[in-house]
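Here's the letter readout for the chains.
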Amino acid sequence: MSLKAGIVGLPNVGKSTLFNAITKKNILAANYPFATIDPNVGVVTVPDSRLDFLEELYKPKSLVPTAYEFIDIAGLVKGASNGEGLGNKFLSHIREVDAIVEVVRCFDDKDITHVEGSVDPIRDIEILNVELILSDLEIVNNRLNKLGKKVTMTKDKQELLEINTLKKCIENLEKNIPLRLVSFDEAEQTVLKAFSFITAKPLIYAANVSEDTIAVGKNEYTEMVAEYAAKEQAGVIVMSAKIEAELAALSEDEKILFMEDLGIQNSGLDKLIYATYHLLGLKTFFTAGTDECRAWTFKTGMKAPQCAGIIHTDFERGFIKAEVMSFEHLKEFGSELRVKENGKVRLEGKEYEMQDGDIVYFRFNV
């Protein structure tokens, strides 16, 4: 399963510049609203030094890292939910993603115009968040209108569940409360899945700062964003789209030297990926051998058969056992044989919850 994130933000906050840098694609980034007309999709590999180790050990014919898919969505403006700017056409694209990355301008630059006339990250956040709330509210109201008289007359348990869940959504959305902050039970969550509400998705604020700020790691604007994010149960990272663009043009060795000069250990892209994985509760297991070494993304709490199904549905359907060793043990002992000799290879059954860094061989029969 690859992670899919939508990059959103007001015009001229550095959103498309960031997208250009992390995907190394030549997407138009211009100093005026709506420079990006269509949603652009780019796929990057997730950095993982464990996969590098496996490649060195097994010398596989193929090496497959896990992927992170970014969708760059045109700059939204106040009134987007009512069709202003490019409107709902682009809000619909956000519904397809696993998480939202909201780029917030946290730098001053008189040469780059701001659509609202000044730099104010909290105002920008609230403009965009209101548009997302209004968009979800429209979907709820449209659904209830379609249900018509059933809203007051039905006695069907499933319809009542849907109606009551949607009413609960309305009560909160009308108070400007995003759905990710609302507590829903398991049955209600099942109802919500059919609607792909934007405000129910995990959110990370990417505070875009100047090159001068990146070494310090914060400024007055980013502090405001961090305080706001904490109240919203949202993630926040500080990054510089300009620096990411410069890093994208360098070789790996040059990147390391450049980051050392800047006094940073990880690129903004790496920080964004790690933060999103943490927010979504994602982890990685591996399959390894001389034919292929591959990283697979799974959600915390998934059991061995479900993880087998990520590779192929037949693996889950005919699951027998999972032969498991941890990456740390493989690194410690240096080979599969020595891991086995030290009794660190385990046979796990259907109830085994996969752990981050597990190296697995699935036994199945169909």
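Read on for an overview of the structure. These numbers were taken from a predicted model, which means no experiment stands behind them. (Residues numbered from 1 in each chain as written. Predicted model: local features only at pLDDT ≥ 70, side-chain atom pairs only at ≥ 80, totals over all residues. Heavy atoms only, no water.)

We now examine the packing of aromatic side chains. Note on aromatic pairs: each is described by the distance of the centres and the angle between the planes. Applying the stated criterion to the full structure yields nine aromatic pairs. With a centroid separation of 5.3 Å and 10° between ring planes, the pair formed by Phe195 and Phe197 is classed as stacked. Taken as a pair, Phe195 and Phe197 share a single burial class, namely buried. Site record: aromatic cluster; members linked through ring pairs are Phe285, Trp296, Phe298, Phe319 and Phe362. (Phe/Tyr/Trp six-rings, centres within 6.5 Å; stacked < 30°, edge-to-face > 60°. Buried < 20%, exposed > 50% of the residue type's maximum accessible area, 1.4 Å probe, protein only.)

This part is about the pairing of strand β2 (residues 40-45). Residues of β2 alternate between two faces, with Asn40, Gly42 and Val44 buried on one and Val41, Val43 and Thr45 left unburied on the opposite face. Pairing of β2 with strand β4 (residues 67-72), which is carried by six bridges, proceeds in the antiparallel orientation. Paired with Thr45 across the two strands is Ala67, which belongs to β4. (Helix = DSSP H or I, 4+ residues; strand = E, 2+ residues; numbered from the N terminus. Pairing = 2+ DSSP bridges.)

Moving on: the nonpolar core. By size, the foremost hydrophobic cluster in this structure holds 58 residues, and its most contacted members are Tyr68, Phe70, Ile94 and Tyr205. Phe70 has contacts with Ala5, Ile7, Phe19, Ile22, Asn40, Val41, Gly42, Val44, Leu269 and Leu272, leaving out every residue within four places of it along the chain. With 17 residues, the next largest nonpolar core counts Leu137, Val140, Leu179 and Val182 among its residues. (Core = buried A, V, L, I, M, F, W, Y, C linked by side-chain atoms within 4.5 Å. Contact = heavy atoms within 4.5 Å.)

Assignment of secondary structure puts Thr165 in helix α6 (residues 157-173). Relative accessible area serves as the criterion here: at 1%, Thr165 is assigned to the buried category. Excluding anything up to four places from it in sequence, Thr165 contacts Phe184, Glu188, Val191 and Leu192.

Pairing is mixed across the open sheet formed by six strands, whose spatial order is β2-β4-β1-β5-β6-β7. Taken across any chain shown, the strands that pair with only one partner, and hence form the sheet edges, are β2 and β7 (235-239). Here the average twist between neighbouring strands, direction ignored, is 25°. Relative to β7, strand β6 (residues 203-208) runs parallel, the two being bridged by five bridges. Paired with Ala207 across the two strands is Val238, which belongs to β7. (Axes fitted to C-alpha atoms, helices over the stretch in contact; angles between N-to-C directions.)

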